[in-house]
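# A closer look at the structure
What follows is each chain in one-letter form.
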Amino acid sequence: MFVKTDHSMGKILTTLTVKNRIDEAKAAQGLISETEVRSVIIHDVLVDTGATTLCLSAEVIAELGLELLREVDVATATGLSTARIFQDAKISLLGREGTFECLELPGGRNSLLGVIPLEALGLEPDLRNQTLKVLPSESVDTYLTILHTRHTLAEEFHFHIHETLDRET
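Cut-offs used in this document
- Think of each chain on its own: its residues are numbered from 1, step by step along the sequence as written.
- Note on the predicted model: pLDDT of at least 70 is required for a residue's local features to be given, and 80 or more for side-chain atom pairs to be given and counted; whole-chain, interface and lining totals, by contrast, use all residues.
- Side-chain figures throughout are based on the complete set of non-hydrogen atoms in the structure, without hydrogens or water.
- The term salt bridge refers to a pairing of a side-chain nitrogen on Lys or Arg with a carboxyl oxygen on Asp or Glu at a separation within 4 Å.
- Helix and strand definitions follow DSSP, with helices as H or I runs of at least four residues and strands as E runs of at least two, each counted in order from the N terminus.
- Only protein chains enter the calculation, and the probe is 1.4 Å; a residue is then buried if its accessible area is under 20% of its type maximum, exposed if over 50%, and partly exposed in between.
- Between two residues, a contact is recorded if the distance between any of their heavy atoms is within 4.5 Å.
- Note on scores: pLDDT gives the predictor's confidence for each residue, bounded by 0 and 100.
- Residues belong to a common nonpolar core when they are buried Ala, Val, Leu, Ile, Met, Phe, Trp, Tyr or Cys residues joined through side-chain atoms within 4.5 Å.

### What about the pattern of salt bridges?
Evaluation of the coordinates by the stated rule reveals seven salt bridges. Between R70 and E101 there is a salt bridge; the shortest N-O distance is 3.3 Å. Of this pair, R70 sits in strand β5 (residues 67-76) while E101 sits in strand β7 (residues 96-105), and the two are 31 residues apart along the sequence. The exposure class assigned to R70 is partly exposed, which follows from its relative accessible area of 37%. For E101, a relative accessible area of 35% puts it in the partly exposed group.

### What to know about the environment of L113
Relative to the assigned elements, L113 resides in strand β8 (residues 112-113). On the accessibility criterion, L113 (0% relative accessible area) is buried. Spatially, the C-alpha atoms of L113 and D48 are 5.8 Å apart, while their sequence positions differ by 65 residues. Leave out the neighbours within four places in its chain, and L113 touches L16, V45, L46, V47, D48, T53, L54, I91, L93 and L118.

### With respect to the confidence of the model for the protein
With 75% of its residues at a pLDDT of 70 or more, the protein shows a mean pLDDT of 82. The secondary structure element of the protein with the lowest average pLDDT is strand β1 (residues 3-6), at 50, and the one with the highest is helix α1 (residues 21-28), at 97.

### As for unusual backbone geometry
Backbone geometry places D44, a non-glycine residue, at a positive phi of 55°. Along the polypeptide, D44 turns up in strand β3 (residues 39-47). According to the relative accessible area criterion, D44 is partly exposed, its value standing at 31%. Of note, the phi angle at Q130 is positive, near 55°, even though the residue is not glycine. Judged by its relative accessible area of 10%, Q130 is buried.

### Focus on the nonpolar core
Grouped together as the largest cluster of nonpolar side chains are 25 residues, with contacts concentrated most on L16, V18, L54, L56, I91, C102 and L113. Elements with a minimum of two residues in this core: β2 (11-20), β3, β4 (54-57), α2 (58-64), β6 (79-93), β7 and α3 (115-121). Contacts of L54, omitting those with residues within four sequence positions, involve L16, A89, I91, E101, C102, L103, L112, L113, G114 and P117. By size, the runner-up hydrophobic cluster in this structure holds nine residues, among which are V72, A83, L105 and L112.

So this is what it looks like as structure tokens:
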């Protein structure tokens, strides 16, 4: 199993395999060999529900050869700063895979796994047991949903007004 806990600190730590998705596509097309696909196994990745996305060190991003997508402003514990977002990081965790953008962490800090990849992969932090729970992907209990709204906002407002008026009479 890829999940490790540190009970003394109350953290969920895990091990991720991260690959360059562009390299995988090139290998599938026969442009490079499978052995040329850049891949990194990262230990002690902190599952951080306070982080939005996947966060990797500059060293890992360079090793994977990920392409810069854009620079963004980010809110941190020390205030607002600028960070770089890279694209096409394919992660594997607990039998699930997905491709995500990743935010570059300054100063070689430990990698973080935020809520967007967790939700997309159908993984839920179990804080009581300090592990990751794999949510079902099949049957009526699937974590995958498609929500269809029945009404436009104007229709909902109209319905709410009539419901309020009906209660007053």
